[in-house]
Amino acid sequence: RVTPTTDSIETANVVTAILASTHKGAGDFEVTVPAGLLEQRRRTQFIFSIVMMCIAGISLLVGGIGIMNIMFVSVKERTKEIGIRKANGATTTHIVRLMTLDFTKWVVIANLIAWPLAWFTMRKWLENFVYRVDISLWVFGLAGMMALLIAFATVSIHAIRASKQNPGISLKYE
């Protein structure tokens, strides 16, 4: 007899034993336990979340390296311009603001392209779950602000380094 307090795995084992004895090893049945299925699904989701976190980390790393390289090339190409501005009395703040405005524009454009794609993809992915979760717009705003912060920090470091150089040296080799 199966009672409500009996463990579902024990019950499945008993049912399997009964079916095996009556069907004489035909092997045409399979007993699945909902708890086992839920545990398997939970493990699958856990592994999926770890893979997604790794992919997100790698993409952030590659994106950061890409921004640093683009900024490095941009500063190197604009060394003469920075030197002339510095010789004409531009402050470090002015040069940093000039450089960051160029990159801020591109980060905003990239976010405006990525947000609808991310919203659509996340919406389709979340439809597969039993319990529905709505996607809030603040998540996209936070992601955009983080991208702007990372880009601003990267650009600022290179721009400050370039603006601290002696303008005579940068103009001498151009």
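Everything numeric here is computed off the predicted structure, so don't read it as measured data. (Residues numbered from 1 in each chain as written. Predicted model: local features only at pLDDT ≥ 70, side-chain atom pairs only at ≥ 80, totals over all residues. Heavy atoms only, no water.)

*Asks:* I'm lost on the pattern of salt bridges in this one. Help?
*Replies:* As a working rule, side chains carrying opposite charge can pair if their charged atoms are close by. This model, assessed by the stated rule, comprises 3 salt bridges. For D102, the salt bridge identified is with R78, shortest N-O distance 2.7 Å. In this pair, D102 is assigned in helix α4 (residues 92-126) and R78 in the loop between α2 (34-77) and α3 (79-87), connecting sequence segments 24 residues apart. Residue class for R78 comes out buried when judged on its relative accessible area of 18%. (Salt bridge = Lys/Arg side-chain N within 4 Å of Asp/Glu carboxyl O. Helix = DSSP H or I, 4+ residues; strand = E, 2+ residues; numbered from the N terminus. Buried < 20%, exposed > 50% of the residue type's maximum accessible area, 1.4 Å probe, protein only.)

*Asks:* Honestly, the layout of surface pockets in this entry has me stumped. Any pointers?
*Replies:* The gaps of empty space that remain are located by a probe, the size of a water molecule, rolled over the atoms. Computed from the structure, the largest pocket encloses a volume of approximately 1,000 Å³. Lining the largest pocket are 25 residues, with A56, S59, L60, A118 and A143 positioned closest to its centre. Contributions of two or more residues to the lining of the largest pocket are made by α2, α4 and α5 (137-163). Split by residue class, the lining of the largest pocket holds 19 nonpolar, 6 polar and no charged. (1 Å grid on protein atoms, 1.4 Å probe; cavity = no way out; pocket = protein on both sides within 12 Å on 5 of 7 lines; lining within 4 Å. Points joined across faces, edges and corners; volume = space filled by probe spheres on them. Nonpolar A, V, L, I, M, F, W, Y, C, P; charged D, E, K, R; others polar.)

*Asks:* How should I be thinking about the nonpolar core in this particular structure?
*Replies:* Generally speaking, nonpolar side chains in soluble globular proteins are found buried as a group. Grouped together as the largest cluster of nonpolar side chains are 11 residues: M71, V75, I82, A90, I95, V96, M99, F103, V155, A159 and A162. Broken down by secondary-structure element, the contributors of at least two residues to this core are α2, α4 and α5. Other than its neighbours up to four places away in sequence, M99 contacts M71, S74, V75, R78, I82, V155 and A159. (Core = buried A, V, L, I, M, F, W, Y, C linked by side-chain atoms within 4.5 Å. Contact = heavy atoms within 4.5 Å.)

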